[in-house]
Amino acid sequence: MIDRKAFRSLSSGLYLITAKAGDARCGCVVNTLVQVASEPATLSVSLNKENATTAAVLASGRFEAAVLCETAPMELIGTFGFKTSREVDKFAPFQTARDAHGVPYVTQDVAARFGCKVVDTLDAGTHMLIIGLVEEA
């Protein structure tokens, strides 16, 4: 038997994962961003297969990962966490920029950001584990 409440004991931050596929800008909030290696600098993120952001990351082969500050407002977290990029331009109310590859990212309430190139994926049931080589930070 698995007590699902045990998973709430894992410590993690909140991160915005963003991507661009064609003209579509997508983004979501996750708590699953992890450093895989320091040389080469590599991160992994787990994204739900049904998420528009996942489709954009897989289609484009790139993503941005932004570390949210502890003081990030609920408006930002709620917009990227509880709405779908298929229906809402999540970026519109916030300060944003684009990396060298045109991938959008939020610049406000962010402690750090990483521009990544997808180098591998792993099917993990309901989610895709995506490995990204950090090209900008």
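As the structure is a prediction and not an experimental result, all values here were calculated from the model.

Caption draft 1: Spatial organisation of the overall build of the protein. Across its full length, the protein holds two helices and nine strands. Along the protein, from the amino end to the carboxyl end, the secondary structure elements read β-β-β-β-α-β-α-β-β-β-β. Here the C-alpha atoms of the protein give a radius of gyration of 14 Å, agreeing with the 14 Å that 2.2 N^0.38 yields for 137 residues. Oriented by its inertia axes, the alpha-carbon framework of the protein measures out at about 45 × 35 × 25 Å. Put simply, the protein has 137 residues, and 40% of those count as buried. Here the contacts in the protein between residues at least 6 apart in sequence split such that 59% fall between residues at least 24 apart.

Caption draft 2: Spotlight on the side chain of Gln108. Secondary-structure assignment places Gln108 in the loop between β7 (104-106) and β8 (110-124). Within the local environment of Gln108, its side chain forms a polar contact with the backbone nitrogen of Gln95, the two atoms lying 2.7 Å apart. In this structure Gln108 touches Leu76, Phe94 and Gln95, once residues within four positions along its chain are discounted.

Caption draft 3: The arrangement of the pairing of strand β2 (residues 24-30) in detail. For strand β1 (residues 15-21) and β2, the ladder comprises seven bridges, and the chain directions are antiparallel. When the bridges of β2 are listed, Lys20 appears paired with Arg25.

Caption draft 4: Layout of a nonpolar patch on the surface. A cluster of nonpolar side chains, contributed by Ile2, Phe7 and Leu10, occupies part of the molecular surface with about 350 Å² of accessible area. The topology assignment puts Phe7 in the segment before β1.

Caption draft 5: Quick peek at the pattern of salt bridges. By the definition in use, this model includes five salt bridges. Residues Asp123 and Lys49 are paired through a salt bridge, measuring 2.8 Å at the closest nitrogen-oxygen approach. With a gap of 74 residues between them, Asp123 in strand β8 and Lys49 in the loop between β4 (41-48) and α1 (52-60) connect regions that are remote in the sequence. A salt bridge links Glu136 to Arg113, with the shortest nitrogen-to-oxygen separation between them at 2.9 Å.

Caption draft 6: Focus on the sheet that holds β4. Spatially, the seven strands line up as an open sheet ordered β2-β1-β5-β8-β9-β4-β3, and their pairing is antiparallel. Edge positions in the sheet fall to β2 and β3 (34-38), since each of these pairs with one other strand and no more. Neighbouring strand axes in the sheet, compared pairwise and without regard to direction, differ in orientation by 35° on average. With nine bridges connecting them, β8 and strand β9 (residues 127-136) associate as antiparallel partners. When the sheet's bridge partners are listed, Cys116 is paired in β9 with Val134. Packing of helix α2 (residues 74-82) onto the sheet brings it into contact with β1, β2 and β5 (62-68), and relative to β2 it is tilted by some 110°.

Caption draft 7: Focus on the side chain of Thr18. In this structure, Thr18 sits in strand β1. Judged by its relative accessible area of 1%, Thr18 falls in the buried class. The contacts of Thr18, once residues within four sequence positions are left out, are Cys26, Gly27, Phe63, Glu64, Phe80, Phe91, Val103, Pro104 and Tyr105.

Caption draft 8: Examining the packing of aromatic side chains more closely. What the rule picks out here adds up to two aromatic pairs. A network of ring pairs unites the aromatic residues Phe80, Phe91 and Phe94 as a single cluster. Residue placement shows Arg113 over the ring face of Tyr105; its charged tip is 4.3 Å from the ring centre.

What counts and what doesn't
- Residues numbered from 1 in each chain as written.
- Predicted model: local features only at pLDDT ≥ 70, side-chain atom pairs only at ≥ 80, totals over all residues.
- Heavy atoms only, no water.
- Helix = DSSP H or I, 4+ residues; strand = E, 2+ residues; numbered from the N terminus.
- Rg over C-alpha atoms; globule rule 2.2 N^0.38 Å.
- Buried < 20%, exposed > 50% of the residue type's maximum accessible area, 1.4 Å probe, protein only.
- Contact = heavy atoms within 4.5 Å.
- Polar contact = N/O pair within 3.5 Å; in protein donor to acceptor, adjacent residues only side chain to side chain.
- Pairing = 2+ DSSP bridges.
- Patch = residues over 30% accessible without salt bridge, like charges linked within 9 Å, V, L, I, M, F, W, Y side chains within 5 Å.
- Areas by Shrake-Rupley, 256 points an atom, 1.4 Å probe, with all protein chains shown as cover.
- Salt bridge = Lys/Arg side-chain N within 4 Å of Asp/Glu carboxyl O.
- Axes fitted to C-alpha atoms, helices over the stretch in contact; angles between N-to-C directions.
- Phe/Tyr/Trp six-rings, centres within 6.5 Å; stacked < 30°, edge-to-face > 60°.
- Lys NZ or Arg CZ within 6 Å of the ring centre and 35° of its normal.

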